[in-house]
Every structure is written in structure tokens, then in C-alpha cells.
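Tertiary structure, described
Next come the chains, spelled out residue by residue.
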Amino acid sequence: MAFSRRSNISNFSCCFLVILVLSLHCENHIVSSSASRFIQTRGTRFVLGGSPFFFNGFNSYWMMHVAAEPSERHKISNVFREAAAAGLTVCRTWAFSDGGDRALQMSPGVYDERVFQALDFVVSEARKYGVHLILSLTNNYKDFGGRAQYVTWAKNAGVQVNSDDDFYTKNAVKGYYKNHIKKVLTRINTISRVAYKDDPTIMAWELINEPRCQVDFSGKTLNAWVQAMATYVKSLDNKHLLEIGMEGFYGDSMPGKKQYNPGYQVGTDFITNNLIKEIDFATIHAYPDIWLSGQSDGAQMMFMRRWMTSHSTDSKTILKKPLVLAEFGKSSKDPGYSLYARESFMAAIYGDIYRFARRGGIAGGLVWQILAEGMQPYADGYEIVLSQNPSTGRIISQQSRQMTSLDHMSSNRTNSQSNKLRNSKEQ
């Protein structure tokens, strides 16, 4: 009996261990499978489902604002449909509207459910058409409220403020902004019933569109703010990627890099700001037609190539993170504008993005901006309506095919390296 009892205990222990191992394996598989649905980073590249993810994308900041009027929602659907047909797989858009017309946040912590449902629709339509979203959480500028509105709210509440740069330092203002972060990230989509923080349709959060700080050009004030807000975002959501929203201006940490700025600083430091651990990838914007207004197309293109080369190199060698050219374009309001000039500019930039991507530099680009038909009030000179600009659409589609080809090339290279490693181990 004693032997039989020990045998039963032994058998029970073995069964328990097997069940435990299997349950842990299943749990790890579920976690791994869930994580693989989200775009992640691996070195200087993005990955999706374990495979390289290079992309061609676009900006359409206006989507939530337009979708707040249900009769206009077809415009969002049309843009996603046309974009997907052109191979565009990432869209950057606003997840804020602070005060003013069709405000999402009408006052600190007070939200318009109608406008939130408009954002729900945007996320749902993106998913429908296989487009990933980068959602920006506020603006440096007064358009759609931005940091000026936050500072005004604080002033109206009795907080002593001096300028819009108090957005980065005043506790009350930072509290308002953190509340907005939490409100958006924990939002349950009324269409999909999925919380934003759990939705793989969203590629990344962006802290602020084009941050600038006039009271401290060194980048240190902004750096402290980014560190605090990035830490807070990650405490709520560790599934999604996070980026700052920077244009790419260099600051005081590496003075020699300032030669690549277009002649001035804006209070950011591309190096130190993006070295923050919680920031997953870096961004640059590029508007040589504005920054170097009056200079020739050749001089502007020369600046563009130096700008892209410098940041690509820094992302690979210093940051060791992916880089995205998150805004670029050529305005129809430029002196001497022609469609040929715009398309030549776009083709050149797309070619550079592709070449940098092949070498592990820039991982994708987002042209500014795509509109639907009948959206003249949103036209800023940079707009592209795909259904009305077939030649521009062909250039965009060609770039999409080029970037997609890199997905396959990188996957084949990775598989080849894995096979070689496996064969060497077997030998």
C-alpha cells in the first residue's frame, strides 16, 4: 500500500507539472500572439506579426472634425478606400480638439460624446480598410486648441501663467493634459467595443504635433515634459508605440548638429528628446519651401537630403530606433508652383526614403495631406485629392509597391540567416 500510494503521488505530481507547463506555454502563446497583432520595433525597424513592416502613409488631420457631422462621414470612408487602393497603410490624424468648433474636449475633463463617437468611427473605418493610425494627442499651435487652450483654461481657473510655454511646466496644465491622455487611451470604441489601448489598428500615440518652446531653446524644458508624459502614457498602455511629434530640430546636446537646422532652433533637441527610453521611434518633418522660402528648388532639395541623411544616421548610430518622415509636401501656393514641380519633389523624396529604408534608416514616410473631394475649407496648398490627381496617385502607388517589396526582401533575408544559423548548429 505504501508503494502504491507513493506511486499515485508521483503520478499526480507528474500530471500537475505537465498541466502547469502546458498552461504556461498556452499563456505565453496567447500573450505573444496578442502582442504580434501590434506594430512593434526591432532595432531601427518596425515589425508586425514578427515580420518587417515598411510603409508608405499619409496625413489627414481633419478626420474626427469632419466625422463629427454624420452626413460628412462618407469623406472619411472615401479617403481610406482610395488610400488603401494606393497601398497607403498608415494614417496620422488628430485625437484632439480642445475648445472651439466641434470640440472633443469642451473644457478640462468635459467631453462631447458626439465628437468622441466621430473618433470611434475614424478608428473603425481605418480598421475596415487595413490602415494603421498614428493618433496625435494635442497641438503646439492654436489650431484645434492645442497648448494655448490648455494654458487659457489654467489662467481662467486662477493659475498664474506667463506664456503658452507654461504648458510644459505648470502642474495644473500638465494635469489637464494627463487627464486627456487617460480619457483617450481608455476610451471604449462604441462601434468595435474595443478600448483604444487594446486596439491594434492604432500604430502609435503622438504626444504633441510639432512641439516648440520659445523660453528655452536648449531642449531641456521640453525634455523634462516628454519624460513625464511618456512615462504616464506607458503606465496606461504598454502595447502601443509612442513618439513625440517632433520636426527634428537639433538642440544644445550636440552643437555640431545645429548646422543641419534651417538657420534657427525651436526649443527641441532631436537627440536627447528621442533618447528617452519610453519613446519608441523618432520623427522628422520637412518643409523646405517654408523654412527656406525664396531659395531655389535646387537649394531646397539639397537641404532636404542633408536633413534626411543626418537624422537617418543619428537614428541608426545614436538613438538606435526607427525614424519616420512624418510630414512633407510641396504647396501649390509656392511662387512658380507647377504640378510637375510637386511631383518631381515627391518622386525624389520617395526615392530617398526607399534608399534609406534599404539601409535600415528611414522606415516610412507620411505625405501631407490627403483630402476627399469637396473639402475646400481644409485645403492648405499641400492637399492631394487622389480621385482628382491620377498622376500624383501613380507616384504614391509606386512608392507603396517599393516599400512593400522591402517587407519581402527583409523577410527573405531574415529567413535565410535563420536557416544558415540552424544548419551551422546541426553540423
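Everything here concerns the structure above.
None of these values were measured; they are calculated from a predicted model. (Residues numbered from 1 in each chain as written. Predicted model: local features only at pLDDT ≥ 70, side-chain atom pairs only at ≥ 80, totals over all residues. Heavy atoms only, no water.)

Quick look at the environment of V123
Counting through the fold element by element, V123 comes out in helix α4 (residues 113–128). For V123, the contacting residues outside a window of four places in its chain are L133, N189, Y196, D199 and T201. (Helix = DSSP H or I, 4+ residues; strand = E, 2+ residues; numbered from the N terminus. Contact = heavy atoms within 4.5 Å.)

Some thoughts on the sheet that holds strand β2 (residues 45–48)
The strands that make up a sheet pair up through hydrogen bonds in the backbone, lying either parallel or antiparallel. Read from one edge to the other, the open sheet built from three strands follows the order β1-β2-β3, with strand pairing classed as antiparallel. Either end of the sheet is taken by a strand with one partner, and the two such strands are β1 (40–42) and β3 (51–52). The pairing of β1 with β2 spans three bridges and is classified as antiparallel. Looking at β2, one finds that T41 is bridged to F46. (Pairing = 2+ DSSP bridges.)

Focus on the packing of helix α10 (residues 297–319) against helix α11 (residues 339–358)
For the pair α10 and α11, interaxial distance at closest approach is 11 Å and the crossing angle is 20°. Judged on the interaxial angle alone, α11 and α10 are roughly parallel. Remark: the crossing between α10 and α11 carries right-handed chirality. Taken together, the residues of α11 that come into contact with α10 (itself represented by M301, M304, R305, M308, T309 and S312) are F345, A348, I349, D352, I353, R355 and F356. Split into classes, the residues belonging to the contact of α10 with α11 amount to eight nonpolar, two polar and three charged. (Axes fitted to C-alpha atoms, helices over the stretch in contact; angles between N-to-C directions. Parallel < 35°, antiparallel > 145°, perpendicular 65-115°, else oblique. Left-handed = near helix turned anticlockwise from the far one by under 90°. Nonpolar A, V, L, I, M, F, W, Y, C, P; charged D, E, K, R; others polar.)

Considerations on the layout of surface pockets
The volume enclosed by the largest pocket comes to roughly 430 Å³. Taken together, 17 residues make up the lining of the largest pocket; nearest its centre are Y141, N209, E210, E327 and W368. Estimated volume of the second largest pocket: approximately 220 Å³. Contributing elements (two or more residues each) for the lining of the second largest pocket: α9 (288–291) and α10. Residue composition of the lining of the second largest pocket, by class: five nonpolar, six polar and four charged. (1 Å grid on protein atoms, 1.4 Å probe; cavity = no way out; pocket = protein on both sides within 12 Å on 5 of 7 lines; lining within 4 Å. Points joined across faces, edges and corners; volume = space filled by probe spheres on them.)

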